[in-house]
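One-letter residues, chain by chain:
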Amino acid sequence: MSNFRQDFLNFALQQNVLKFGEFTTKAGRQSPYFFNAGLFNDGASTLKLARFYAQAILESKVQFDMLFGPAYKGIILAAATAMMLAEQGVNVPFAYNRKEAKDHGEGGVLVGAPLQGRVLIIDDVISAGTSVRESVKLIEQAGATPAAVAIALDRMEKGTGELSAVQEVQQQYGLPVVAIANLLDLFTLLEQNDSAELAQFVEPMKAYRAKYGVA
């Protein structure tokens, strides 16, 4: 059986979504790698990405009744993943929010299926946890239950304190976080890859993890 996590990272490399080199993160850290899910921006790559999300969600065995995509990146992810889940025989509704409430027509900030039952939030990454916080609030206000969060990559690094943004979400809301891949998978990618170009990043990655990584 192929390892879909490694398949995903190799795919992200091909698409230039995952890059190794010298980058400055939003938090001002010097990182040896960069991951920008916004570069999955055509039909074929979005389809493939959604298939990886569906695979990670189904493998996690997390129980859910519908998907919710926070505006804006989560909207396309929720729609595309719902399609790929349906392809696997799991047909679930999806909804998303608008950033601005609409004052005509049906109004409100929610679009799509009514929020009910166990709702799985789907986004690209969790950095500050802001979109998760807003999503949880919307879901609970609608009388539904947040079930889990699915993301593309868990960087497994400290946020403002000793915990990572993912750990903070898990602790604060008691929600499991399903990631297609994480930092350990990145190390596996580098160690199993026979390209000298990638091998040079193993040590910088180890140093970065020692400085900012979480257990």
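Quantities reported herein were computed from a predicted structural model and do not represent experimental measurements.

*Asks:* Quick one: what's the story with the environment of Gly 159, residue by residue and with numbers?
*Replies:* The residue Gly 159 is located in the loop between strand S7 (145-154) and helix H5 (165-173) in this model. Remark: the alpha-carbon pair of Gly 159 and Thr 24, spanning 135 residues in sequence, is separated by 15 Å. Once you skip the residues sitting within four places of it in the chain, Gly 159 turns out to touch Arg 29 and Ser 164.

*Asks:* So, unusual backbone geometry: which residues are in play, and what are the values?
*Replies:* Here the amide bond leading from Ala 71 into Tyr 72 is cis, since omega sits at 0 degrees, within 30 degrees of zero. Within the secondary structure layout, Tyr 72 lies in the loop between strand S3 (66-69) and helix H3 (73-87). Positive phi is not limited to glycine here, since Lys 61 has a value of about 65 degrees. Structurally, the position occupied by Lys 61 is in the loop between helix H2 (43-60) and S3. For Met 156, which is not a glycine, the phi torsion comes out positive at approximately 50 degrees. Positionally, Met 156 belongs in the loop between S7 and H5. For Met 156, a relative accessible area of 12% gives the class buried.

*Asks:* I'd like to hear about the UniProt feature "binding site: orotate" (unreviewed entry) in the protein chain, residue by residue, with values.
*Replies:* Annotation from UniProt places "binding site: orotate" (unreviewed entry) at Phe 34, Phe 35, Ser 127 and Arg 155. The largest pairwise C-alpha distance within this set of annotated residues, which runs over 122 residues, is 13.2 Å, so the set is compact in three dimensions. As for its placement among the helices and strands, Phe 35 is situated in strand S2 (residues 30-35). Looking at Phe 35, the relative accessible area reads 10%, which means it is buried. When residues no more than four places from it in sequence are discounted, the contact partners of Phe 35 are Phe 8, Ala 12, Val 17, Leu 18, Phe 40, Val 125, Ala 152 and Leu 153.

Rules behind the numbers
Residues numbered from 1 in each chain as written. Predicted model: local features only at pLDDT ≥ 70, side-chain atom pairs only at ≥ 80, totals over all residues. Heavy atoms only, no water. Helix = DSSP H or I, 4+ residues; strand = E, 2+ residues; numbered from the N terminus. Contact = heavy atoms within 4.5 Å. Buried < 20%, exposed > 50% of the residue type's maximum accessible area, 1.4 Å probe, protein only. UniProt positions renumbered as here; feature names shortened; annotations may be inferred.

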